[in-house]
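Each chain is listed here by its residues.
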Amino acid sequence: MSIKENLNKIKNMLPSHVTLVAVSKTKPNEDILEAYETGHRVFGENKIQDMTQKWEQLPKDIEWHMIGHVQRNKVKYMAEYVSMIHGVDSLRLLVEIDKQAKKHNRSISCLFQMHIAKEETKFGLDMEELHEIIASETFKSLDNVEIVGLMGMATFTEDKAQIRQEFVQLQSMYTSLKTDLPQMNVLSMGMSGDYNIAVEEGSTMVRIGSSIFGARNYN
Ligand SMILES: *Cc1c(COP(=O)(O)O)cnc(C)c1O
């Protein structure tokens, strides 16, 4: 099936309150334009340099989401245009995003990335670390970032019950944090292999790559 067909099929299956981030990492501009021609505008990348190159070359009404791990020294390259940063996992990173957003006179929407998977290798905060951040004076002083929700990645496993349990856990973190951060309205969970489960468990934003663009070739 073509990119257009894949995209339309997924869009027709998703409830209307769920935003689709089309994950175009490693894919060429032509593939992104094929999706763009269907009217789709929200794309996700995991490398700041690649995303910036695509932003420079592609139509300016694309909303670019940074879904990967962010190095602080690279925030400056995307601060002018990025729509949402999904992987905020430290206060130091958030301070840098705030500083760079200020230079462009804008506010950047951010998600705290929570660690819900069994794998140690995956990035993200636990609830204790998150509470520490939001209770800090530094956090309260940031004017150019807006925390709009949470993001998480489930364990890479065939065990659907395990994946579901991790999404339930993230959803309950999201619900309990709404007391402190009532402006939150994004729960970013679900990828090609697990987005159906994620949507059933309350996801409002799915990040789907290979089911739209096909398998990725890393070299
Ligand atoms: C690559 C990636 C995705 C999309 O993965 P697919 O399995 O291709 O849908 C989603 N989220 C993050 C954080 C990613 O790095």
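Structural notes, computed from the coordinates.

Thresholds applied
Residues numbered from 1 in each chain as written. Predicted model: local features only at pLDDT ≥ 70, side-chain atom pairs only at ≥ 80, totals over all residues. Heavy atoms only, no water. Near = heavy atom within 4 Å. Polar contact = N/O pair within 3.5 Å; in protein donor to acceptor, adjacent residues only side chain to side chain. Areas by Shrake-Rupley, 256 points an atom, 1.4 Å probe, with all protein chains shown as cover. Helix = DSSP H or I, 4+ residues; strand = E, 2+ residues; numbered from the N terminus. Phe/Tyr/Trp six-rings, centres within 6.5 Å; stacked < 30°, edge-to-face > 60°. Buried < 20%, exposed > 50% of the residue type's maximum accessible area, 1.4 Å probe, protein only. Lys NZ or Arg CZ within 6 Å of the ring centre and 35° of its normal. Pairing = 2+ DSSP bridges. Right-handed = clockwise from strand over helix to strand, strands pointing away.

## Some details on the site of the ligand
Looking at the ligand, the residues that line it are Val23, Lys25, Ile67, Met151, Met153, Met191, Ser192, Arg207, Ile208, Gly209, Ser210 and Arg216. In this structure, Arg207 approaches the ligand through a side-chain N or O atom, which is 2.9 Å from a nitrogen atom. Expressed as a share of its isolated accessible area of 390 Å², the protein-covered part of the ligand is 90%.

## With respect to unusual backbone geometry
Unusually for a residue other than glycine, Thr26 sits at a positive phi of about 70°. Within the secondary structure, Thr26 sits in the loop between strand S1 (19-23) and helix H2 (29-36). At Asn105, a position not held by glycine, the phi torsion is positive, near 60°.

## Focus: the packing of aromatic side chains
This model, assessed by the stated rule, comprises 3 aromatic pairs. With 6.1 Å between their ring centres and 40° between their planes, Phe43 and Trp64 make a pair best called tilted. With Phe43 in strand S2 (residues 42-45) and Trp64 in strand S3 (residues 63-66), the pair connects residues that are 21 residues apart, well separated along the chain. Judged by relative accessible area, which is 0%, Phe43 ranks as buried. Relative accessible area serves as the criterion here: at 0%, Trp64 is assigned to the buried category. An angle of 5° between the planes, with centres 4.2 Å apart, marks the rings of Trp55 and Tyr81 as stacked. Residue Trp55 is found in helix H3 (residues 48-57), and its partner Tyr81 is found in the loop between helix H4 (75-78) and strand S4 (84-88); the two are separated by 26 residues along the sequence. Here Arg41 stacks its cationic end above the ring of Tyr36, 3.5 Å away from the centre of that ring. If you follow Lys60 out to its NZ or CZ, it ends over the ring of Trp55, 5.2 Å from the centre.

## Overview of the pairing of S1
With 4 of 5 residues buried, S1 lies mostly within the body of the structure. Looking at chain direction, S1 and strand S8 (residues 205-208) are connected through 4 bridges and run parallel. Residue pairing in the sheet places Val21 in a bridge with Arg207 of S8. Across 2 bridges, the pairing between S1 and S2 is parallel. Residue pairing across strands places Val23 opposite Gly44, the latter belonging to S2. Assessed by its sense of winding, the connection that carries the chain from S1 through H2 to S2 is right-handed.

Shape is all these values report; function is a separate question.
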